[in-house]
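Take a look at the letters that make up each chain.
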Amino acid sequence: MSLEQLLAWIPPGSPDEALARRINFDQLPSHVAIIMDGNGRWAAQRHLPRVEGHRAGIDSVRDVVETSARLGIDVLTLYAFSVENWKRPRAEINTLMTLLKRYIRLELSTLLKNNIRFQVIGRSEELAPDVQRELEIGIRQTAANTGMLFNIALNYGGRSEIVDAARRAIASGIAAADLDERRFSELLYTARQPDPDLLIRTSGEMRVSNFLLWQIAYAEIWVTETLWPDFRRRHLLEAVLAYQKRDRRYGGIKPSPVALSIK
Ligand code: IPE
Ligand code: IPE
Ligand code: MG
């Protein structure tokens, strides 16, 4: 999209507008992936039950999804529930699933309005049937949209994704000699999507927690102390601005101005 699309949605004269004007729209990350962390700590700081942090985190999801679409990000992936999160108390898991269902139902019109295509990555077949039904409605209704792809990572694990891809390779009878990185990446949940350029983690933890292990090989990582329920458009714009200052070398060397002029 464009600066105009973004500014149409930002109060004029606000600090967010100043941030938006500094973005270089020719150098946007194509894929932004976010580890939404810190809901429990946000609630604890307010002496509230953990689930209140999850509830508050939904507003951050809304803000980030629409900001990303208006910015012109091609793919946004949000980590909502890991394969390890089943270790949490049953009541917390149930609330998370209920919030997820409600989010899809209430936000469908926003997704459609913004031409966003919704998709799930993870072992969604292991989720409860009512959750699967709601997800399928969201996926079906947005399937023809041509704008941003919004992946929600649910019952997702980076290692299980790689195991699932290996199983698919075996099941499809690919010869060992034919399997290379390109073919393998086509077997992942994110087949045909660009790898994340920018990986954001909220609430200060310096770890990847089994998220997109294959795909983040060369992602630029940006960690903020901000807890997920406090994360807003401003923080996303700050992350993109920080990303645009990074020097991505992919194992090579930075071309010097002299070398460039010789060419
Ligand atoms: C992230 O917040 C949400 C999910 C993992 C579903 P947490 O619930 O992990 O919050 P903290 O990390 O305990 O603060
Ligand atoms: C990562 O957060 C998973 C999601 C955001 C869904 P966690 O809170 O589960 O990760 P750890 O336990 O801090 O590594
Ligand atoms: Mg956490």
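Look above for the structure.
Residues numbered from 1 in each chain as written. Chains lettered and ligands numbered in written order. Predicted model: local features only at pLDDT ≥ 70, side-chain atom pairs only at ≥ 80, totals over all residues. Heavy atoms only, no water.

## Thoughts on the packing of aromatic side chains
- On inspection of all chains with the given rule, the structure shows nine aromatic pairs.
- Consider the rings of F118 and F150, whose centres lie 5.6 Å apart with planes at 65 degrees: the pair is edge-to-face. Residue F118 is found in strand β3 (residues 117–121), and its partner F150 is found in strand β4 (residues 149–156); the two are separated by 32 residues along the sequence.
- The exposure class of F118 is buried, given its relative accessible area of 3%.
- Through a chain of ring-to-ring contacts, three or more aromatic side chains come together here, namely Y79, Y156, Y189 and F211.
- When the ring centre of W9 is taken as origin, the NZ or CZ atom of R233, which lies over that ring, is 5.0 Å away. (Phe/Tyr/Trp six-rings, centres within 6.5 Å; stacked < 30°, edge-to-face > 60°. Helix = DSSP H or I, 4+ residues; strand = E, 2+ residues; numbered from the N terminus. Buried < 20%, exposed > 50% of the residue type's maximum accessible area, 1.4 Å probe, protein only. Lys NZ or Arg CZ within 6 Å of the ring centre and 35° of its normal.)

## Looking at the site of ligand 2
- Close to ligand 2 lie I35, M36, D37, Y79, A80, F81, S82, N85, R88, R201, R207 and S209, which account for all nearby residues.
- Within the side chain of D37, a nitrogen or oxygen atom sits 3.2 Å from an oxygen atom of ligand 2.
- Within the side chain of N85, an N or O atom sits 2.9 Å from an oxygen atom of ligand 2.
- A total of four residues in the shell around ligand 2 trace back to one element, the largest contributor, which is strand β2 (residues 75–82). (Near = heavy atom within 4 Å. Polar contact = N/O pair within 3.5 Å; in protein donor to acceptor, adjacent residues only side chain to side chain.)

## Quick look at the pattern of salt bridges
- The final tally for this structure, using the stated rule, is 23 salt bridges.
- Among the salt bridges present, the one from D16 reaches R233, with a minimum N-O distance of 2.9 Å. Taken as a pair, D16 in helix α2 (residues 15–22) and R233 in helix α9 (residues 233–244) lie far apart in primary sequence, 217 residues in all.
- Looking at D16, the relative accessible area reads 13%, which means it is buried.
- Overall, the relative accessible area of 11% leaves R233 in the buried class.
- If you follow the salt bridges from partner to partner, you end up with D37, R41, R201, E205 and R207 in one network. (Salt bridge = Lys/Arg side-chain N within 4 Å of Asp/Glu carboxyl O.)

## Quick word on the packing of helix α4 (residues 50–71) against helix α5 (residues 90–113)
- One can describe the packing of α4 onto α5 by two numbers: an axis separation of 10 Å at closest approach and a directional angle of 20 degrees. One element, α4, and the other, α5, form an angle in the roughly parallel class. At the point where α4 passes α5, the crossing takes the right-handed sense. Every residue of α5 that contacts α4 at R50, V51, H54, R55, I58, V61, R62, V65 and E66 is listed here: E92, T95, L96, L99, R102, Y103, L106, E107, T110, L111 and K113.
- Among the residues forming the contact of α4 with α5, the class breakdown is nine nonpolar, three polar and eight charged. (Axes fitted to C-alpha atoms, helices over the stretch in contact; angles between N-to-C directions. Parallel < 35°, antiparallel > 145°, perpendicular 65-115°, else oblique. Left-handed = near helix turned anticlockwise from the far one by under 90°. Contact = heavy atoms within 4.5 Å. Nonpolar A, V, L, I, M, F, W, Y, C, P; charged D, E, K, R; others polar.)

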